[in-house]
Each structure stands twice: as structure tokens, then as C-alpha cells.
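Close look at the chain arrangement
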Amino acid sequence: MLKLLSCLAVDTPDLFSLQSFPTGQRALSQTLLNCDLRVSNQMMWTWTDCLCVNLLLLLQRAGSEKFEVLGLTHAIVAVAGDDIILPCYIKPNISVEDMRVDWFRVNLPDTQSNIRVHLYQDGRDKYHDQIPSYRGRTSLFKEELKKGNTSLKLTRVQGTDDGHYKCLVESKTHYDDSTIQVYVRAIGSKPEVSIEGQKEGGMALLCVTKGWFPEPELEWLDSEGVTLSAGPSETDRDYEGFYVVKLKTIIKETDINRFTCRLRQRQQHEVIKMETEFHIPSELILVHTETWKVALAVIVSLVIVLVAISAFSVWWWKSLYNDYSHRKLIKGFILLNVNVLQ
């Protein structure tokens, strides 16, 4: 056994140094062969010698599969509808064709509910538990896997793609991962304004905008740029994750009757603004006001008529009942007198 160890030390004196271990790996196979020849010429192999050699071989295998997963240190800003590449590779640049490559989106703060984006395992892609929103939009560069490149291509970026992504590479004895942030940016439609009719003594206006990411803010302004009171905005998201925002306000007639719906979207380094100006003719407000008054008058009249009809019906039925009771009483009195006379 001492001869075997001395043999290894002579052939590769830095083999057992941690700093020079990658270099020692390349020389280990030849060293073991030389040791085999020397030891076989000097003495018979013992089980201890075999155990030592096996341990060294296992150590060589484990060391050869150690790697580090690297990616970008800064975030990716993706425009909705574009294709992007999420960089990821291992160092040293060894083949990952026989390893597991797992891309998933990290749901913060609950990291236990990660979303599977793409899985490569056993030499092929597997889609059995891939989230439906990523179907047909993810792929690896197959020719680059043997070079250690595990980057992911994501096509037709949509709002639901915004978030943190993790690239996990796993061999039989080692694994490592890298995380990258993706910011999605989408510019939607210009605010659209419509009239909803009379409400609470004024005219209700509705402002709607669609297709934005991240969520924009809406506000109503009068002709002098003063913010009008409005209820809370209604926010929804379409099937691609883009925002649909609505905001209502109730206005009264002014000298100009000009109102503005303003949109603001805050991005990383800028603020996007859009405005839609809406003018309402006084005649239109008058028509809506008169319509509301006429409708109210009709409703009040109908209520009065219904109450009158109901009151008359009750009086009529009560009169019939009293008349019937009176006749029944007279008939009973006559029959009583007839019986007495008999």
C-alpha cells in the first residue's frame, strides 16, 4: 500500500493538492496505469490497494462533474411580443447532454410554488408538467448543450412572463443554479372615453385603456387641469396577463364642458403619459338631463296610477263584500220570520 501511494506521489506530486486538482485529474489515469505496472512487478495487489484505487477513481469522477452555473448579473427588459434569450451556461464548459436542465419561474415570496417553464432530462425535452402559458414558446439550443450552454429562448413575450427565472443544472453528483430577472414592458391603447348616462345628479363618463404592462394609472381632469373626484379604478388582466383599467367620474355642466382622461405608466427609468380630451355639447347634457327628468316624471306618474288602481280595487272588493253580507243578513232574517209564523 505504501508503495502504491509513493508511486502516485512520485508521478503527480500535486495530485492531492486542492488547488491543482483539475490538473491532477488529467494525469490520474496515466498515473494509475504506471502504478499498476510498477506494483505488479514488485508485489501482489491486496484488497486495500484496490479500495484505494477505487476511491481515487470515484474522487476523479466527482471532481470532473463539479461545475458552476452562471447567468446575467443584471435584469432583462423585454418588450411584449418580442423573442428573448435567458442566458445560462456552466463553467467549465463541459457537456450537459446527459444532465438535467430545469428552467422555472420563482414565485416570490413563496418559493415553494415555483412554475415549471422548461425541462430537459434523459436527453430530451419533457412537457408533461409545463405551465400551459409557456406551451410552444420555450426551447433550448440543442447543439450548444455539449458546450455547456443551457440558455433558454422564450418567444412572443407576454405579461405573464414578468418575474424571476431560475436555471438549474443537475448531474448525478452535483448541481448548481442561477437566477435572472425579467421585466416585461407593454404599451397599450390610448384611453377611450364614453358616456354612461345620468347618475347621481350628473353625467357619468367612463375611461378605458387596454394592453398595458405594468399596470397604468388613470385620472380625470377638468378644463383647468384640476383633478376630478372619481371612484376607485377597476383593474383586470386579459389571458396574456396585460392590464385592462377602467375609471368612472360624474361631471356637471360647466362653461366649457371639456374633460380629460390622463394615463401614466411608471417604468424603470421613465414615465409614459397619454391623454384623451372629451368635449360634451351643452345640448347633449340638456338632452340627457331632460330625458332623466321625463323618465322620473313617467315613473312617478305610473306609481301614482298604480296606487290609485290598487286603492280603488280594495274599495270595490270591500263594497261587494259588505253588500253580500247585508243581503245574506236580510235573507236570514226573512227565513227566521217565516219559521216563526209557521
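Predicted model, so just to flag it, every value in this text is computed and none were measured. (Residues numbered from 1 in each chain as written. Predicted model: local features only at pLDDT ≥ 70, side-chain atom pairs only at ≥ 80, totals over all residues. Heavy atoms only, no water.)

1. Brief notes about the confidence of the model for the protein
- Taken over all residues, the pLDDT of the protein has a mean of 80, while the share at 70 or more is 69%.
- Below pLDDT 50 for its whole length, residues 1-43 participates in 47 contacts with residues either more than four positions away or in separate chains. (pLDDT = per-residue confidence, 0-100. Contact = heavy atoms within 4.5 Å.)

2. With respect to unusual backbone geometry
- The omega torsion of the bond from K91 to P92 falls at 0 degrees, within 30 degrees of zero and hence cis.
- Assignment of secondary structure puts P92 in the loop between β4 (88-91) and β5 (100-106).
- That bond from F213 to P214 is cis: its omega, 0 degrees, falls within 30 degrees of zero.
- Position of P214 relative to the elements: it lies in the loop between β13 (202-212) and β14 (217-221).
- Backbone geometry places R156, a non-glycine residue, at a positive phi of 50 degrees.
- Tracing the backbone through its elements, the reader meets R156 in the loop between β9 (152-154) and β10 (163-170). (Helix = DSSP H or I, 4+ residues; strand = E, 2+ residues; numbered from the N terminus.)

3. Examining the pattern of salt bridges
- For the coordinates displayed, the defined rule picks out 11 salt bridges.
- Note that K248 is salt-bridged to E196, the shortest N-O span being 3.4 Å. Taken together, the residues K248 in strand β16 (residues 243-251) and E196 in strand β12 (residues 192-199) connect sequence positions 52 residues apart.
- Using a relative accessible area of 34% as the deciding quantity, one classes E196 as partly exposed. (Salt bridge = Lys/Arg side-chain N within 4 Å of Asp/Glu carboxyl O. Buried < 20%, exposed > 50% of the residue type's maximum accessible area, 1.4 Å probe, protein only.)

4. A short note on the sheet that holds strand β18 (residues 271-279)
- Taken together, the 3 strands give an open sheet; going across it, the order is β14-β17-β18, and neighbouring strands pair in antiparallel fashion. The open sheet has two edge strands, β14 and β18, and neither has a second partner. For this sheet the average axis-to-axis angle between neighbouring strands, irrespective of direction, equals 20 degrees.
- Pairing between strand β17 (residues 258-266) and β18: 9 bridges, direction antiparallel. Looking across to β18, one finds that F259 is bridged to F278. (Pairing = 2+ DSSP bridges. Axes fitted to C-alpha atoms, helices over the stretch in contact; angles between N-to-C directions.)

5. Some details on empty space enclosed by the protein
- Within this structure, the stated rule accounts for 1 cavity of 30 Å³ or more.
- In this structure, the largest cavity spans a volume of roughly 30 Å³.
- Taken together, G71, L72, P87, C88, W103, Y165, C167, S178, T179 and I180 make up the full set of residues lining the largest cavity.
- Listing elements by their share of the lining of the largest cavity, those giving two or more residues are β10 and β11 (175-185).
- A per-element tally of the lining of the largest cavity places β11 first, with 3 residues.
- A per-class count over the lining of the largest cavity returns 7 nonpolar, 3 polar and no charged. (1 Å grid on protein atoms, 1.4 Å probe; cavity = no way out; pocket = protein on both sides within 12 Å on 5 of 7 lines; lining within 4 Å. Points joined across faces, edges and corners; volume = space filled by probe spheres on them. Nonpolar A, V, L, I, M, F, W, Y, C, P; charged D, E, K, R; others polar.)

6. Overview of the state of the cysteines
- Under the definition given, this model contains 2 disulfides.
- One disulfide bridge connects C88 with C167, the sulfur atoms lying 2.2 Å from each other. On the sign convention where negative means left-handed, the S-S torsion of about -80 degrees between C88 and C167 marks this disulfide as left-handed. Highlighted residues: C88 in strand β4 and C167 in strand β10, separated in sequence by 79 residues.
- Judged by its relative accessible area of 1%, C88 is buried.
- A sulfur-sulfur distance of 1.9 Å marks the disulfide that ties C207 to C261. Because the sign of the S-S torsion sets the handedness, a value of about -85 degrees for the bond joining C207 and C261 places this disulfide among the left-handed ones. Placement of the pair is C207 in strand β13 and C261 in strand β17, with a sequence separation of 54 residues.
- The buried category is assigned to C207, whose relative accessible area is 0%. (Disulfide = S-S within 2.5 Å.)

7. Brief notes about the pairing of β12
- Pairing between β12 and β13: 7 bridges, direction antiparallel. Residue pairing in the sheet places S194 in a bridge with L206 of β13.
- Turn length for the β12-β13 hairpin, with the two strands adjacent in sequence and antiparallel, is 2 residues, and the turn residue E200 shows positive phi of about 50 degrees.

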